[in-house]
Amino acid sequence: MNLSVNMNDLSDVIESDRAHVWHHLSQHKKYETVDPMIIVEGKGIHVWDAKGNKYLDAVSGGVWTVNVGYGRESIANAVRDQLVKMNYFSNAAGSIPGALFAEKLIEKMPGMSRVYFSNSGSEANEKAYKIVRQIAHNKYDGKKHKILYRDRDYHGTTITALSSCGQHQRKDQYGPFTPGFVEVPHCSEYRSQYGPCDDYGVKAARAIEDVILAEGPDTVGAMVLEPVTAGGGVITPPEGYWETVQEICKKYDILLQIDEVVCGLGRTGKWFGYQHYGIQPDLVTMAKGVASGYAAISCTVTTEAVFEQFKADPTDPMSYFRDISTFGGCAAGPAAALENMRIIEEENLLDNVTRMGDYLVSRLNELKEKHQAIGDVRGKGLFCGAELVVDRETKEPVDESVTQAVVAECFAQGVIIGATNRSFAKLNNTLCLSPALICTKDNIDEIVTAIDNALTKVCG
Ligand SMILES: Cc1ncc(COP(=O)(O)O)c(C=O)c1O
């Protein structure tokens, strides 16, 4: 690779970045006095910045993406080979890696049948919303068009994806939003809306039914939910929740759309998060971990019953899915995804996630014994959260500045962790961990030690 840069002195690159790059989720004023961070290399679970500092990345590329870890030459080779043979053709036609990956993916998803390719999680969700809307028009005269989403869930950054966002601070200043999206209550047992109870999961699901009845079941076409809420605070579903949600969807003929953009491909110890709960979705979306960030790819996967409705009447010029994603035709995405999946299988990474996930939760629970600031520890596989509180009795959340100070202290020790940020008026108080699926016990010990030190420093 020749980028005409001197890897021993990247100050020019830093200046170019400072002058011209607009970073995601960033207030830029600080870069007038502080250098922007430029990540230049990755290997396994570690990354290096432009100044040569090494970090253990406990969030897989910042946003739970690089599931198989950095520096995977076999993925790079698969992408290269594909690009020199055939880089792109509109997905109105097929591609070799597209067909092969779709088949492998469907093998992992009993009950599902069709894969629609695009580029980002937001886009995958928007495709699903368009499918729901078109079914509403074709089958229900447009009436059954509403889509329910849940408080604290996130489904993407575009205006319509934000219309289905249960993280209210993220939406501020970006309205007006797309009509037809209706919020249902969250299912965080730690912050139970019904006080302490044995059947919280069933109650939280029944609260969704109340919304359906208030809106009118004949107006509700679908419900979009994360299997485990990610950026909203790593909320694992309570006992009894998913069974009841599935029953409610069946009862009112509502399509169940599961957003696997974070959980998808191994993060929780199964291929998909929903597979822990015995449910059968109608639509599944995925992106980040599908190719671990080696190429852009997202998928909207449907059942054959959903797909059938888009080919029922070939004489009707409007009866097919009139949607396109230019870069959904890039062959690099499925080529990377195929190799990514092969690695997960060959290296038994799902087993590793289950074992290491249990270890991570047990280590975090030890920290909870030591630090009063940890109010709750939650997790499924290598996908864990620790919620910080001022007081365990009242559960008053710490201020976001405290959460961010803990993140910064870990960073100073060479460990990158994440946290809920600028998502809620009050609940930006959960530390988030999602290391690569190759994570070892030693890596976990290093992460937990960094958090331990940081909590001692910040919270006393
Ligand atoms: C659960 C969930 N869905 C969808 C998205 C949107 O994905 P993207 O940023 O690729 O558009 C995200 C991104 O963080 C996510 O966490």
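Calculation notes
- Residues numbered from 1 in each chain as written.
- Predicted model: local features only at pLDDT ≥ 70, side-chain atom pairs only at ≥ 80, totals over all residues.
- Heavy atoms only, no water.
- Helix = DSSP H or I, 4+ residues; strand = E, 2+ residues; numbered from the N terminus.
- Rg over C-alpha atoms; globule rule 2.2 N^0.38 Å.
- Buried < 20%, exposed > 50% of the residue type's maximum accessible area, 1.4 Å probe, protein only.
- Contact = heavy atoms within 4.5 Å.
- Areas by Shrake-Rupley, 256 points an atom, 1.4 Å probe, with all protein chains shown as cover.
- Patch = residues over 30% accessible without salt bridge, like charges linked within 9 Å, V, L, I, M, F, W, Y side chains within 5 Å.
- Salt bridge = Lys/Arg side-chain N within 4 Å of Asp/Glu carboxyl O.
- Polar contact = N/O pair within 3.5 Å; in protein donor to acceptor, adjacent residues only side chain to side chain.
- Phe/Tyr/Trp six-rings, centres within 6.5 Å; stacked < 30°, edge-to-face > 60°.
- Near = heavy atom within 4 Å.
- Pairing = 2+ DSSP bridges.
- Axes fitted to C-alpha atoms, helices over the stretch in contact; angles between N-to-C directions.

*Asks:* Residue-level account of the overall build of the protein, with values.
*Replies:* When helices and strands are tallied, the protein shows 14 helices and 15 strands. A compact globule built from 460 residues would reach a C-alpha radius of gyration of about 23 Å, and the protein, at 22 Å, matches this within 12%. When burial is assessed residue by residue, the protein has 53% of its 460 residues classed as buried. Across the protein, contacts joining residues at least 24 apart in sequence account for 70% of those joining residues at least 6 apart. Put simply, the protein shows about 20,700 Å² of open surface, and 53% of that area lies on carbon and sulfur atoms.

*Asks:* How would you explain a nonpolar patch on the surface if you had to name every residue and give the values?
*Replies:* Together, Val5, Met7 and Val40 line one region of the surface with nonpolar side chains, adding up to about 230 Å² of accessible area. In this structure, valine 5 sits in the segment before helix H1 (11-20). Valine 5 gets classed as partly exposed once you look at its relative accessible area, which sits at 37%.

*Asks:* Report on the side chain of serine 292, specifying residues and quantitative values.
*Replies:* By secondary structure assignment, the location of serine 292 is in the loop between strand S9 (283-286) and strand S10 (298-302). The exposure class assigned to serine 292 is buried, which follows from its relative accessible area of 1%. Here asparagine 67 takes part through its backbone nitrogen, which lies 3.3 Å from a polar atom of the side chain of serine 292. Engagement of the side chain of serine 292 in a polar contact is seen with the backbone nitrogen of valine 68, the distance being 3.2 Å. If we ignore the near neighbours within four places in the chain, the residues touching serine 292 are Thr65, Val66, Asn67, Val68 and Asn340.

*Asks:* So what's going on with the packing of aromatic side chains? Which residues, and what values?
*Replies:* All chains considered together, the criterion is met by 9 aromatic pairs. On the basis of an interplanar angle of 15° and a centroid distance of 4.6 Å, the ring pair of tyrosine 55 and phenylalanine 411 is categorised as stacked. Highlighted residues: tyrosine 55 in strand S3 (residues 54-57) and phenylalanine 411 in helix H13 (residues 400-412), separated in sequence by 356 residues. Take tyrosine 55: its relative accessible area is 6%, and that puts it in the buried class. Centre to centre, the rings of phenylalanine 310 and phenylalanine 321 are 5.7 Å apart; their planes meet at 75°, and the pair counts as edge-to-face. Here phenylalanine 310, found in the loop between helix H10 (304-308) and helix H11 (332-346), pairs with phenylalanine 321, found in the loop between H10 and H11; they are 11 residues apart in sequence, far enough to count as distant. Given a relative accessible area of 10%, phenylalanine 310 falls into the buried group.

*Asks:* Can you lay out the site of the ligand for me, pointing to particular residues and giving the numbers?
*Replies:* Taken together, the residues surrounding the ligand are Ser120, Gly121, Ser122, Asn125, Tyr154, His155, Gly156, Glu226, Asp259, Val261, Val262 and Lys288. Lysine 288 places a side-chain nitrogen or oxygen 2.9 Å from an oxygen atom of the ligand. Across the complex, the protein chains shield 82% of the 390 Å² of accessible surface that the ligand would expose by itself. For the shell around the ligand, the element with the most residues is helix H5 (residues 121-140), which contributes 3 residues.

*Asks:* Now, about the sheet that holds strand S8 (residues 255-259): what can you tell me, with residues and values included?
*Replies:* Ordered in space as S4-S10-S9-S8-S7-S5-S6, the 7 strands form an open sheet in which the pairing is mixed. Edge strands, defined here as strands with exactly one partner in the open sheet, are strand S4 (114-118) and strand S6 (181-184). Geometrically, the sheet is characterised by an average inter-axis angle of 20° between neighbouring strands, direction not taken into account. In terms of strand pairing, S4 meets S10 through 5 bridges, oriented antiparallel. Counted as the bridge partner of tyrosine 116 is threonine 300 from S10. Against the sheet, helix H4 (residues 96-107) engages S4, S9 and S10, with an angle of about 130° to S4.

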